[in-house]
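# Descriptive analysis of the structure
Chain by chain, the residues:
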Amino acid sequence: MRTALLIIAALVVEGNANDCVPRSFGSDRIVCVCNATYCDGLPDNELEVPENGSAYWYVSNKAGLRLSKSEVKFGSCDSDPSNINLNIDSTKRYQQILGYGGAFTDSVGINIKMLSQATQDQLIRTYYDPKTGSRYTLGRIPIGGTDFSTRPYTYDDVDDDTKLEHFALAKEDHKYKIPYAKKALELNPDVKFFSAAWSAPAWMKTNDEINGYGFLKTEYYQDYANYLVKFLDEYKENGLDIWAITTGNEPFNAYIPSDVLNTMGWTPDTMATWVADNLGPTLAASGHNETLIMALDDQRFNLPWYIEQVFSNEQAKEYIVGTAVHWYGDNVAPPLVLDQTQDSYPDKFILMTEACTGSIVTNYPKVLLGSWDRGEEYILSIIEYMNHWAVGWVDWNIALDDKGGPNWINNFVDSPIIVNPETDEFYKQPMYYALTHFSRFVDRDSTRINITDDDHVKSVAFLTPSNEIVTVLYNRQNTSQHVTLEDLQKGTICLELSPHSMNTLKYNR
């Protein structure tokens, strides 16, 4: 294995100036190691495109390449016959892209804070630096505690405090969320933050618990809207404007017997009533009248029926700008439900707001360092969501420990970056590169354009605001695939995609 890693490192050095330092955790399980002074990445000039007649081609694969760059020419493929033909037509255009990102949970901050200051800064740069990092433009910030906290809490746990006199941000906000979100914003002022509450204070709920089968009591509808505006006030005072807020994280968890996850249930009718009569008007009358509202924030098997019922309330529909969905039930809900939702409400967007691997009971260990299969899950999901109208794709925890926590209910999962405080390092997993193959190259306000599909090589294409074409391809096969990529307005590129490889191409239109 040592010899194989040396070969991989040599191959990568040929392609990039700031290359992966590989570490193996088993067969086909390679991470890239970063520390206070070094981390692989693409230099700022990689944002350029080559002269007309060529494209830049970036490859990450199961064999160990990570964003390895080469240049390919447009021309005939007659001498290199392909078994797959993909056609790009930039005149056929679909949704505009909002961006890609991840979540700033308490656990994320706890783990980052265990590193030295220089390594902390390196980690945030790795995601949010528009020059050398992944160029993330979205960040999700929980309102109060989640399972990825060390305790259950809200911002006002004093019973019957209807005037919210005891409302206050938690120590976790000041130590673990705000500092790192602000670092991301300093690196990239274009970052948009959105937020969701897992639960209202227990005293506002029908079961007086932070979890379980509990719903917001109608007499507290307005108090809860005021509570959320207070959160927006406090974050603004701390230098963070919240671009959007959702109606609450995974309300369907309240219906799952014995589930101990922080949650609060909503029916479509009660959600619509609360938005129409309370949250919408309260936001509009506050100093946050530009903060948007997204509905659902739950699995896509709730589509399109849940949103149809919410939007039957015309006032709620007016306040809500889009639908937030999670990926955990995608195996039982085809992407067709996204199309149906978009067809019914073309003026509302769809944003994928949470995903992680290791979340299934049978996933063990929860953190599987260097797992290519988990990276494959990410890139196939992103391609699918982009091809079915999503305007972005947002990861869950951006950094966890080697157990996938901390988590107060032991609901451990995996993350694209795993920290190792003992050595003051962090590890970039294949999941990280799956997201970077999009976030690094697909600028905000890019437009998805038409590309033909293939079962062996999954694909999606975009036209950027700079008039560049960006195409992402994934070869899911165990063998190389010969691909003819034909841009109907530009010409033809011949490609040999290595087995299990992520590929991003970009060129001038």
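Values in this document were obtained by computation on a predicted structure and should not be read as measured data.

### Looking at the packing of aromatic side chains
For the coordinates displayed, the defined rule picks out 37 aromatic pairs. Relative to tyrosine 507, the ring of phenylalanine 74 has its centre 5.0 Å away and its plane inclined at 85°; by these criteria the two rings are edge-to-face. Separated by 433 residues along the polypeptide, phenylalanine 74 in the loop between β4 (68–73) and β5 (84–96) and tyrosine 507 in strand β21 (residues 501–508) bring together distant segments of the chain. Following the ring pairs from residue to residue traces out a cluster consisting of Tyr155, Phe167, Tyr221, Tyr224, Tyr227, Phe231, Tyr235, Trp266 and Trp274. The ring of tyrosine 153 has arginine 151 lying over it, and the distance from NZ or CZ to the ring centre is 4.3 Å. Looking at arginine 448, its charged tip hangs above the ring of tryptophan 389, at a distance of 5.4 Å from the centre.

### Examining the sheet that holds strand β10 (residues 292–299)
Within a sheet, each strand pairs with its neighbour through backbone hydrogen bonds, oriented either parallel or antiparallel. In space, the eight strands of this closed barrel follow the order β6-β7-β8-β9-β10-β11-β12-β13, with parallel pairing throughout. Between one strand axis and the next, the sheet turns by 30° as a mean value, whatever way the strands run. Relative to strand β11 (residues 320–326), β10 runs parallel, the two being bridged by six bridges. By the bridge assignment, leucine 296 is partnered in β11 with alanine 324. Against the sheet, helix α10 (residues 372–387) touches β6 (99–103), β11, β12 (349–354) and β13 (390–397), its axis set at about 150° to β13.

### Focus: helix α4 (residues 171–187)
Between its terminal C-alpha atoms α4 stretches 24 Å, which fits the 24 Å expected from 17 residues at 1.5 Å a residue. Lysine 177 marks the point of greatest bend in α4, at about 35°, and the proline proline 179 comes within the next four residues. The set of residues buried in α4 consists of Glu172, Asp173, Tyr176, Lys177, Ile178, Tyr180, Ala181 and Ala184. As for α4, its buried residues are in contact with α2 (106–113), α3 (117–128), β7 (138–143), β8 (192–197) and α5 (221–237).

Quick notes on the rules
- Residues numbered from 1 in each chain as written.
- Predicted model: local features only at pLDDT ≥ 70, side-chain atom pairs only at ≥ 80, totals over all residues.
- Heavy atoms only, no water.
- Phe/Tyr/Trp six-rings, centres within 6.5 Å; stacked < 30°, edge-to-face > 60°.
- Helix = DSSP H or I, 4+ residues; strand = E, 2+ residues; numbered from the N terminus.
- Lys NZ or Arg CZ within 6 Å of the ring centre and 35° of its normal.
- Pairing = 2+ DSSP bridges.
- Axes fitted to C-alpha atoms, helices over the stretch in contact; angles between N-to-C directions.
- Contact = heavy atoms within 4.5 Å.
- Expected span 1.5 Å × (residues − 1).
- Bend = angle between axes of the 7 residues up to and from the residue.
- Buried < 20%, exposed > 50% of the residue type's maximum accessible area, 1.4 Å probe, protein only.

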